[in-house]
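An overview of the molecular structure
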Amino acid sequence: MVKSKWISFVLVFAMLVTMFVPMGMTKAFATGTSYDSMVVPSISDDTTTKLGTFMVDIDPFVSNSEAIFELPDTDYEIHQVKIGGVSFDLSGDQAKYIGTSTSDPNYSKNSVASSVYTGQGSSDVDPFQFKITKTSDNGFKLYLDRDNTADKGELKFPIELTEVKVPSGASGDIKLTITGSGSGQLKDGSVVVATIGGGDLTVAAVDTKSFSDDGGNVKIRITESAAGKLTSKDTLKLVLPDGFKWGDNPSVTYIFGTNISNDVKVTPNDDTLEIKLKDGASASKEKAAIDITAKIDVDDSTKAKEGDVIAKVRGSYDVTPSEITVGTYGQYDTTISATDSSVVAFSGQYDQENSSNDINKVSDIQIKESVVGSLVAGRTILLTLPTNARWYKIDDTKVTKENNVGKNFEVDSDNGVHLWFEGLQGTDNRTAKFVVHRDSATSKNPAKLKIENNYVALEPGVTGDLKVTVGGTAGLSTDSITLAKVVNPVTVTADKTNVKIGVSNQAAGKIDISEYQAGAIYTNHGKNTLDLILPDGVKFTSKPTVKVTSGDLDIDNVNLVSDNSGNDNKILRIEFKSDSTEASTIEVSNIYYDVDRTVGEGDIKVKVGGSALVTVPSSSLSNYKDKEGYKDDYATLDYADIYFSGEDYVVKVANATVVTPAPNATKQTAVFTINSTTYTVNGVQNTLDSAPYVKNGRTYLPTRYVAYALGVSSDNVLWDGTKATFILGNRVVQVTPGSTTLTINGAPVTMDAPAEIVNGRVMVPFRWIAQAFGAQVQWDATNQTVTMTLQAQ
């Protein structure tokens, strides 16, 4: 037994892989991944020889993957392997690259540590990287690394075991076992790479088909182990499982050795195919091989089991192996799926012609036949988007219902099946119609079709999974698929203060606007703007402070502008120089509002929109008014196609609450609860990030939130690293953590317990801080609540 050798040296190769068409042998299936035997030679034991070739097929390849490939045990030794046409020597302690010709400087099997090998391959296959590591004498680890810049599609490449030492006593099928890491697309499986001879005959299925109730063909190769093994007195039998039988008129083809093809008698007898030499025929003079092409019929579909059809090898010969897979049986069925449902699309946007990003490009759609003929000519496929979405491009071609644009073109074809886009249906741009066409010649393999490079327009402010409903007459097995995850291009948060109606120059909370990703605020080379739009009855007192606090978004100008009704200072308009290359955050602070007497109690919600966030063409923008009383504030966009009627923003945020009607002077009441992160102001619930607590008989509250509750704006809460300062009207309160002294307008007041910092917040005994602001306090021991009451200022 040879000891396993674990190697730390890893070879990295970037290459194009040649696309081969498999001959259809044994398969080990996993979701989106298959290992397909191409060549399964018959060999002898106790020899060093070439084993078979198999194809790795991952469709689509979207993630990095790794797996260990191993022969049965360490009595086997893999000396050489070829991956996608690139050879490696594994006979030593580490993998070594073998040059392709004697002129190649690496031909002498030198290790490649840093150079990159680029192989020649089909242009239909995207580049990908792989690493190969020797893990033992009988195995190696393969790591696939997808190039993130490449389109996600099928990855298909062969692996050849070009030199393997086979131990003495080995027999039967030699299986290579694949053990995946569990997280990638290289799944667990196995594949037959050779068969140990030693009997009279070797039998292998060299060309199999998937088929349904109409049956299918198989090509079976019979190879003598020595001349004269196939005789007229002995019979080889291939027995099909229940539900299947052999069809009439099988044919025999000469492969090599003595040409005995005309002397072989093949007799179908229900589920048994009998093979022998004709009476009186001469045996071969040299080792011979023949192929038998035979039809498999479905005799009883109630008994026929879907999946691999395995024939048992019987008769009077010593035959290897004892059974073979002669086809795959399934019902007529077609599946439809999204190749990548994790794609992110932005609400309020669609494909931007000048953007470097693929804005609102959704997942490709894959359609697969289970067996040939599942997609019937003339059948239709309807893909209907939800109400918040419209088709904009299909197969990178703009499509509209109104102008009859993009109608009637082929989107894909495979194995004689053609899929045509026939146009948009209905009164909007939600339903795309496709029609199946088939060539007159019978296809040999099931078709796999893709609808690629699809873009959608999305309604502003509507988020969640983008599910397309599947319909039509093609009989697809899935009712709906998810094409993307819809998110807002920005997230918006705000501090919140209390304001009163009929009062001017009132401080509101600051607003932070963060991009979901770089370029999400689509400036269109400085042409588009981000707008903060106030509701009726509220306007900006003065221009707030706007700055970028993270990322590289570059602000050009900030202005207060009127809405379409001529109301001054209703919109804060932010102009930019260019898109960000790093996701950025904008802070809007020093916000002051004039609130007139028409505004009711409750939150003041700011609409965050503008042409940098809402790019979809919409109708009646200048006249639209939503249910909350907000008027749209843009002129109608100059687009030929209109997708939505309604919103001109992606999100609203509240940064102020009207709590007291004017001019009546009423009390403002705040209630805090021990160990709770929620508090109320005049019954309106708010959230704090540090809960009140009791320590040494004193109840501590977070000073910042006490100040907010009593009407201090966020701009009037200051921290210099040593002390906290709070400004309310003409009162200035200062607190120093660790000290029992607080000051009110500079006058010291001694508390009976020191202020302290907990979880980054300054905590003060509640009676002292409340009274510092002029509020009355009440402690409810039963409910563990602190109530503060302050007359309106």
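Residues numbered from 1 in each chain as written. Predicted model: local features only at pLDDT ≥ 70, side-chain atom pairs only at ≥ 80, totals over all residues. Heavy atoms only, no water.

Looking only at helices and strands, the protein has 2 helices and 69 strands in total. For the protein, with 793 residues in total, the buried portion stands at 49%. For the protein, the share of sequence-separated contacts (at least 6 apart) that also reach a separation of at least 24 residues comes to 69%. Surface accessibility of the protein: about 34000 Å² in total, with carbon and sulfur atoms responsible for 43%. (Helix = DSSP H or I, 4+ residues; strand = E, 2+ residues; numbered from the N terminus. Buried < 20%, exposed > 50% of the residue type's maximum accessible area, 1.4 Å probe, protein only. Contact = heavy atoms within 4.5 Å. Areas by Shrake-Rupley, 256 points an atom, 1.4 Å probe, with all protein chains shown as cover.)

Below, the discussion takes up the pairing of strand E27 (residues 323-329). The pairing of strand E17 (residues 210-211) with E27 spans 2 bridges and is classified as parallel. Bridging from a neighbouring strand, serine 210 pairs with threonine 328 of E27. As paired strands, strand E25 (residues 307-315) and E27 are joined by 6 bridges and run antiparallel to one another. Directly across from valine 309, in E27, lies its bridge partner glycine 327. (Pairing = 2+ DSSP bridges.)

What the 3 strands build is an open sheet, ordered E43-E51-E46; its pairing is antiparallel. With one partner strand each, in any of the chains shown, strand E43 (503-508) and strand E46 (538-540) form the two edges of the open sheet. Ignoring strand direction, the axes of neighbouring strands in this sheet form an average angle of 35°. (Axes fitted to C-alpha atoms, helices over the stretch in contact; angles between N-to-C directions.)

Next up on the list: the nonpolar core. Core analysis: the biggest nonpolar cluster contains 43 residues, and Ile511, Ile513, Ile521, Leu530, Ile586 and Tyr593 have the highest contact counts within it. Of the residues forming this core, the biggest block, 5 residues, is contributed by strand E55 (residues 649-660). Counting residues in hydrophobic clusters, the runner-up holds 39 residues, among them Phe69, Leu71, Leu142 and Val193. (Core = buried A, V, L, I, M, F, W, Y, C linked by side-chain atoms within 4.5 Å.)

Under the defined criterion, the tally for this structure stands at 17 salt bridges. Between aspartate 531 and arginine 573 there is a salt bridge, with its nearest N and O atoms 2.8 Å apart. You can see aspartate 531 sitting in strand E45 (residues 529-533) and its partner arginine 573 sitting in strand E49 (residues 571-578), a full 42 residues away along the chain. One network of salt bridges, with partners in common, ties together Lys510, Asp512, Lys547 and Glu587. (Salt bridge = Lys/Arg side-chain N within 4 Å of Asp/Glu carboxyl O.)

We now examine unusual backbone geometry. Most of the time, phi is negative for any residue but glycine, and the peptide bond is trans. If you check the backbone angles, asparagine 524 has positive phi at about 55° while not being a glycine. Secondary-structure assignment places asparagine 524 in the loop between strand E44 (511-515) and E45.

Pairing is antiparallel across the open sheet formed by 4 strands, whose spatial order is E59-E60-E67-E66. Two strands lie at the open edges of the sheet, namely strand E59 (693-695) and strand E66 (756-758), each paired on one side alone. Neighbour-to-neighbour, the strand axes of the sheet open up by a mean angle of 45°, direction not taken into account. Inspection of the sheet shows strand E60 (residues 698-702) paired to strand E67 (residues 761-765) by 3 bridges, in the antiparallel sense. Within the sheet, the bridge partner assigned to leucine 701 lies in E67 and is valine 764.

With 4 of 5 residues buried, E44 is to be regarded as a mostly interior element. Alignment of E44 against strand E50 (residues 585-589), held across 4 bridges, turns out to be antiparallel. What sits directly across from aspartate 512, in E50, is glutamate 587.

For the coordinates displayed, the defined rule picks out 16 aromatic pairs. Between phenylalanine 726 and phenylalanine 773, the ring centres sit 6.2 Å apart and the planes meet at 80°, which makes this aromatic pair edge-to-face. Of this pair, phenylalanine 726 sits in strand E62 (residues 724-728) while phenylalanine 773 sits in the loop between helix H2 (766-772) and strand E68 (776-780), placing them 47 residues apart in sequence. Of the two residues, phenylalanine 726 and phenylalanine 773, neither departs from the other in class, the shared state being buried. Grouping aromatic residues by their ring pairs yields a cluster made of Phe672, Tyr679, Tyr705 and Tyr708. If you follow lysine 393 out to its NZ or CZ, it ends over the ring of tyrosine 455, 5.4 Å from the centre. (Phe/Tyr/Trp six-rings, centres within 6.5 Å; stacked < 30°, edge-to-face > 60°. Lys NZ or Arg CZ within 6 Å of the ring centre and 35° of its normal.)

Along the chain, asparagine 360 falls in the loop between strand E29 (344-346) and strand E30 (365-369). At 2.7 Å, the side chain of asparagine 360 forms a polar contact with the backbone nitrogen of phenylalanine 346. Here asparagine 360 is in contact with Ala345, Phe346, Gln349, Tyr350, Asn454, Tyr455, Val456 and Leu458, once residues within four sequence places are set aside. (Polar contact = N/O pair within 3.5 Å; in protein donor to acceptor, adjacent residues only side chain to side chain.)

On the surface, Tyr254, Ile255 and Phe256 cluster together to form a nonpolar patch covering roughly 240 Å² of accessible area. Tracing the backbone through its elements, the reader meets phenylalanine 256 in strand E21 (residues 251-256). Judged by relative accessible area, phenylalanine 256 falls into the partly exposed class, the value being 35%. (Patch = residues over 30% accessible without salt bridge, like charges linked within 9 Å, V, L, I, M, F, W, Y side chains within 5 Å.)

On to the side chain of serine 37, then. For serine 37, the location among the structural elements is in strand E3 (residues 33-39). Side-chain polar atoms of serine 37 contact the backbone oxygen of valine 192, separated by 3.0 Å.

Looking now at the environment of lysine 165. Residue placement: lysine 165 occurs in strand E13 (residues 155-166). Note: C-alpha distance between lysine 165 and threonine 47 (118 residues apart in sequence) is 5.8 Å. Setting aside residues up to four positions removed in sequence, lysine 165 forms contacts with Thr47, Thr48, Asp75, Tyr76, Glu77 and His79.

This next bit is on the environment of aspartate 318. With respect to the element layout, aspartate 318 can be found in the loop between E25 and strand E26 (319-320). Aspartate 318 gets classed as partly exposed once you look at its relative accessible area, which sits at 46%. Considering only alpha carbons, one finds aspartate 318 and glycine 199, 119 residues apart in sequence, at a separation of 4.8 Å.

Of note, alanine 226 is situated in the loop between strand E18 (216-224) and strand E19 (236-239). C-alpha separation for the pair alanine 226 and glycine 199, spaced 27 residues apart in sequence, amounts to 9.4 Å.

Looking now at the confidence of the model for the protein. Of the residues in the protein, 84% have a pLDDT of 70 or more, and the chain-wide mean is 82. The model gives residues 1-31 a pLDDT under 50, and that stretch makes 122 contacts with residues more than four places away or in other chains. Counting interchain partners and residues more than four positions distant, the pLDDT-below-50 stretch residues 101-125 has 52 contacts. (pLDDT = per-residue confidence, 0-100.)

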